[in-house]
Every structure is written in C-alpha cells, then in structure tokens.
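Structural description and commentary
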Amino acid sequence: MSRRISNLSLAQFFFFGVPLFSAGRLSATELSVNIKVNVGDGEPIESAIRRFKREVNKSGHLMELRHRRTFENSQEKAKRKVKEGRMRIKFERMQRKRMANRT
C-alpha cells in the first residue's frame, strides 16, 4: 500500500509568506497547485518531500507566483519573456553540447 503526498496532505505550503493554494476563489497572488507524489511502502518521507519539491520547481508555480507578487505591465512582461527565452535557448545549447561530448 502506498501513501500519497499532495497539496491537500500538506496543511499549507507557503512561499514568501503567501499560500500557494486556498479552498475558495483564487486571488492575484494565489495559484492552484495540483502536484501528486506517490510514496512507496519502505520509502523515507524525506525522499518523498525532496521529489515533491522537485516537481513543484519543474511545474513553474513558484516562478509564476514570484511574478504575480507585484504588478507587471505588458512592456515589462514582454521584456521578461524575451529574457527567459534567451536563457532557455542558452540552456538548451549547453545541454546539446554536453550530450555531444558524452558520445
């Protein structure tokens, strides 16, 4: 029988003092998080929490919440998106180079 850690089993998951989810209507700084991690029978809870944190980071909820903390007009948003795109391309280029060196 496996246990399950999800957003509902954690009482409140806070980031910068703002809850990531609530039971009612979402405000501008709240996000609905739907991340589930299955925990094996003999698996320590620390490794399950580590996997949960990794899934939260991969989902992008924390970055989105960080951007929603303050108002961002359309020009600032466009600049941020261009910058993120450049970083993503740079990261992909480094990954391709790293994979080419492996073989």
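Residues numbered from 1 in each chain as written. Predicted model: local features only at pLDDT ≥ 70, side-chain atom pairs only at ≥ 80, totals over all residues. Heavy atoms only, no water.

Attention now goes to the overall build of the protein. The helix and strand inventory of the protein stands at three helices and four strands. Beginning at the N terminus, the succession of helices and strands in the protein can be written as β-β-β-β-α-α-α. For the protein, long-range pairs separated by at least 24 residues make up 61% of all intrachain contacts whose partners lie at least 6 apart in sequence. Taken as a whole, the protein presents about 8,300 Å² of accessible surface, with 55% of it coming from carbon and sulfur. (Helix = DSSP H or I, 4+ residues; strand = E, 2+ residues; numbered from the N terminus. Contact = heavy atoms within 4.5 Å. Areas by Shrake-Rupley, 256 points an atom, 1.4 Å probe, with all protein chains shown as cover.)

With that out of the way, let us pick up the pattern of salt bridges. Under the criterion given, the structure shown has five salt bridges. Residue glutamate 55 is joined to lysine 58 by a salt bridge in which the shortest nitrogen-to-oxygen separation is 3.4 Å. Taken as a pair, glutamate 55 and lysine 58 lie in helix 1 (residues 45-59) at a separation of three residues, close to a single helical turn. Assessed through its relative accessible area of 32%, glutamate 55 is described here as partly exposed. Residue classification places lysine 58 among the exposed positions, given a relative accessible area of 60%. Here the salt bridges share partners, and the residues they tie into one network are Glu72, Arg80 and Glu84. (Salt bridge = Lys/Arg side-chain N within 4 Å of Asp/Glu carboxyl O. Buried < 20%, exposed > 50% of the residue type's maximum accessible area, 1.4 Å probe, protein only.)

Moving on, we come to helix 1. Along an α-helix, residues three or four positions apart point the same way, because every turn accommodates 3.6 residues. In a regular helix each residue adds 1.5 Å, so 15 residues correspond to 21 Å; helix 1 covers 21 Å between its end C-alpha atoms and thus fits that length. Listing the buried residues of helix 1 in full gives Ser47, Ala48, Phe52 and Val56. Glycine 60 sits one or two positions beyond helix 1 and adopts a positive phi of about 85°. (Expected span 1.5 Å × (residues − 1).)

Confidence in the prediction for the protein averages 78 pLDDT; 69% of positions are at 70 or higher. In the model of the protein, strand 2 (residues 14-15) stands out as the element of lowest mean pLDDT, 42, in contrast to helix 3 (residues 74-102), which has the highest, 94. Low pLDDT, under 50, characterises residues 7-18; the predicted model gives this stretch 25 contacts beyond four residues in sequence or across chains. (pLDDT = per-residue confidence, 0-100.)

What follows concerns the side chain of serine 47. Mapped onto the elements of the fold, serine 47 is located in helix 1. Residue serine 47 is classed as buried on the basis of its relative accessible area of 18%. Within the local environment of serine 47, its side chain forms a polar contact with the side chain of glutamate 43, the two groups lying 3.0 Å apart. (Polar contact = N/O pair within 3.5 Å; in protein donor to acceptor, adjacent residues only side chain to side chain.)

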